[in-house]
Amino acid sequence: MGKAYDVAVIGAGAIGSSVAYFNAKKGASVVLIDAGDIAQSTSSRSDGNVLVCDKQPGFDALFAKASQDMFEGLSKELDYDFEWKQRGSLFLTETEEEFQMASEFCESMKKCGIPMRMMDQKEVQDDEPYLAKDVYGGLETMSDGSVYPIGLTYGMALGAEKKGAVLSLHNRVRGIRRDGDAFILDTQNGEIAAKNIVDACGVWSPVIGQMVGLTIPIQARQGQILVSEQTFQVARRKVHEFGYMSTKFQSDGYERPVSERVEKYGVAFVFEPTASNNFLIGSSRTFAGEDTRSSIEVMKAMAERAIRFFPVIADIKVIRSYSGLRPYRIISNRVRYTGGWFLYCGRTRRRRDRTFPNHWKSDGGYDCGGNFVHGFKSASI
């Protein structure tokens, strides 16, 4: 079994690979373990956004902004080209009511240093000429960007290996026990000892938690994405509806003017151009267990919403669809564990008051001792 590693990271997705990279960079001995390959699950089934526009004003937004500020340096530091682009993003408001809510949100974010500005109807039409003419206005976030998530994950994982970390792939963890100051991980390829464990398994974090006697309140929520054919530039950067905020955080203080089908599948328009001259369309939110099959009804709902904001999309072909699973925190109980165990997940549910959008409350995350840390959230990938 050999000497205990300083850190064993379970899960070689974007978050686990990042944890492995930065710990190895600081000189820690690290092993990165995954039952499959690098970026095999959620990280290969996402749209690659690195956003601050959809965060809560305060710590959450500042934490996300600090993450954004690291990507330019990482793009030069890592051997993989992960296609970092920082074009900003544009929230679209459909109604005067949404515009007012967005304006209040904008002011709160600007007070904590996030670069945002409101745009009136003429400004958004000048910015994106193919927009539907009745779009009321928009909210621009200048610092938002995007990456190729598989490239980022490979860059981090292989960068960690280059700095001395061990990659233990296709090696399922079957059990964990304590032995003095160390954890012993029983894997299909033998035992691994580590002083600290980072559970970065996302949707599958509860499986690892159970091995150390923890009940982690996370379940899988499916999100689906459409991929267009290669075509002309419909929009120059990420564009999404401000109603995305209410669907993402399940706020019940505002009802969007949408069809029953759009509402049923939690669909909110998200547009993301790619480096290959096509674009991605999202987004949806459904509970389907671990089923990652695409649903034609969800596809129709996303297409409906996309055409509402960009009518020209009706004449552009969709060449495929894919879906992934994201961690959804179903209750607000705190997870407690004494010493050496970390939980890092990319997404959690937020508790919210009845008012939208000024009273979101972050459920937070967990530190080394399993202690709850308000406002913790890894940057969205």
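The structure displayed is predicted, hence computed values, not measured ones.

Conventions we followed
One numbering rule holds for all chains: residues counted from 1, following each sequence as written. Given that the model is predicted, a residue must reach a pLDDT of at least 70 before its local features are reported, and side-chain atom pairs must reach 80 or more before they are shown or counted; all residues, however, enter totals for whole chains, interfaces and linings. Hydrogens and water molecules were not included; the side-chain quantities draw on all heavy atoms of the structure. Throughout this description, the term nonpolar core refers to a set of buried Ala, Val, Leu, Ile, Met, Phe, Trp, Tyr and Cys residues connected via side-chain atoms within 4.5 Å. Only protein chains enter the area calculation, which uses a 1.4 Å probe; residues under 20% of their type maximum are buried, those over 50% are exposed, and those in between are partly exposed. What counts as a helix is a DSSP run of H or I of at least four residues, what counts as a strand is a run of E of at least two, and both are numbered from the N terminus. Residue contacts follow a heavy-atom distance rule, with two residues in contact if any of their heavy atoms lie within 4.5 Å. A pairing counts as a salt bridge when a side-chain nitrogen of Lys or Arg comes within 4 Å of a carboxyl oxygen of Asp or Glu. Each pair of strands is called paired provided DSSP finds at least two bridges between the two strands. To get an axis, a line is fitted to the C-alpha atoms, and for a helix only the part in contact is used. The angle between two axes follows their N-to-C directions and goes from 0 to 180 degrees. By the definition adopted for this analysis, an angle is roughly parallel if under 35 degrees, roughly antiparallel if over 145, roughly perpendicular if from 65 to 115, and oblique otherwise. By the convention adopted, Pro, Cys, Tyr, Trp, Phe, Met, Ile, Leu, Val and Ala count as nonpolar, Lys, Arg, Asp and Glu as charged, and the other residues, Gly among them, as polar. Crossing handedness is defined as follows: a turn of the near helix away from the far one that is anticlockwise and smaller than a right angle gives a left-handed crossing, while the clockwise case is right-handed.

Novice: Whenever I open this one, the nonpolar core confuses me. Can you help?
Specialist: In summary, soluble globular proteins display a tendency toward joint burial of nonpolar side chains. In terms of nonpolar packing, the biggest core is built from 27 residues, with V9 and F82 touching the most fellow members. Only β1 (5–10), α1 (14–25), β2 (30–33), α2 (59–77) and α5 (149–162) provide two or more residues apiece to this core. Broken down by element, this core gets its largest block of residues, five residues, from α1. Discounting residues that sit within four places of it in the chain, V9 has contacts with G16, V19, A20, V30, V31, L32, I33, V198 and A200. In terms of nonpolar packing, the next biggest core, distinct from the first, is built from 26 residues, L92, V124, V135 and Y265 among them.

Novice: Looking at this structure, how should I read the environment of G11?
Specialist: Along the chain, the position of G11 falls in the loop between β1 and α1. By relative accessible area, which is 5% here, G11 ends up buried. Dropping the residues within four chain positions of it, G11 is found in contact with G16, S17, L32, I33, D34, A200 and C201.

Novice: When you look at the pattern of salt bridges in this model, what are you seeing that I'm missing?
Specialist: Inspection of the entire model under this criterion finds 23 salt bridges. Its salt-bridge partner being D134, residue R308 comes within 3.1 Å of it at the nearest N-O pair. Pair noted here: R308 is in helix α9 (residues 296–309) and D134 is in the loop between α4 (121–127) and β6 (137–141), with a separation of 174 residues, a long-range link. The class of R308 is partly exposed, set by a relative accessible area of 21%. For D134, a relative accessible area of 46% corresponds to the partly exposed category.

Novice: How do you make sense of the sheet that holds strand β13 (residues 238–241) when you look at a structure like this?
Specialist: Note on sheets: strands pair through backbone hydrogen bonds, and any given pair is parallel or antiparallel. Overall, mixed pairing links the eight strands, which are arranged β5-β6-β4-β13-β14-β15-β12-β16 in an open sheet. On the outer flanks of this sheet lie β5 (116–119) and β16 (318–329), each paired with one strand and no other. In this sheet, adjacent strand axes meet at a mean angle of 20° when their direction is disregarded. As paired strands, strand β12 (residues 218–228) and β16 are joined by eleven bridges and run antiparallel to one another.

Novice: Looking at this model, I keep getting lost on the packing of α1 against α2. Mind explaining?
Specialist: Each pair of packed helices can be described by the angle between their axes along with the distance between the axes. The contact between α1 and α2 brings their axes to 15 Å, and the two run at 75°. Here α1 is positioned roughly perpendicular relative to α2, judged by the angle of their axes. Residues Y21, F22 and K25 of α1 touch α2, and the partners they reach there are M70, L74 and E77. When grouped by side-chain class, the residues that make up the contact of α1 with α2 number four nonpolar, no polar and two charged.

Novice: How should the packing of α1 against α5 be read in this particular structure?
Specialist: Running from N to C, α1 and α5 cross one another at 35°; their axes reach a closest spacing of 8 Å. For α1 against α5, the interelement crossing comes out left-handed. Contacts from A14, S17, S18, A20, Y21, F22 and A24 in α1 reach T153, M156, A157, G159 and A160 in α5.

So, to be careful, I would describe these as geometric facts and stop short of saying anything about function.
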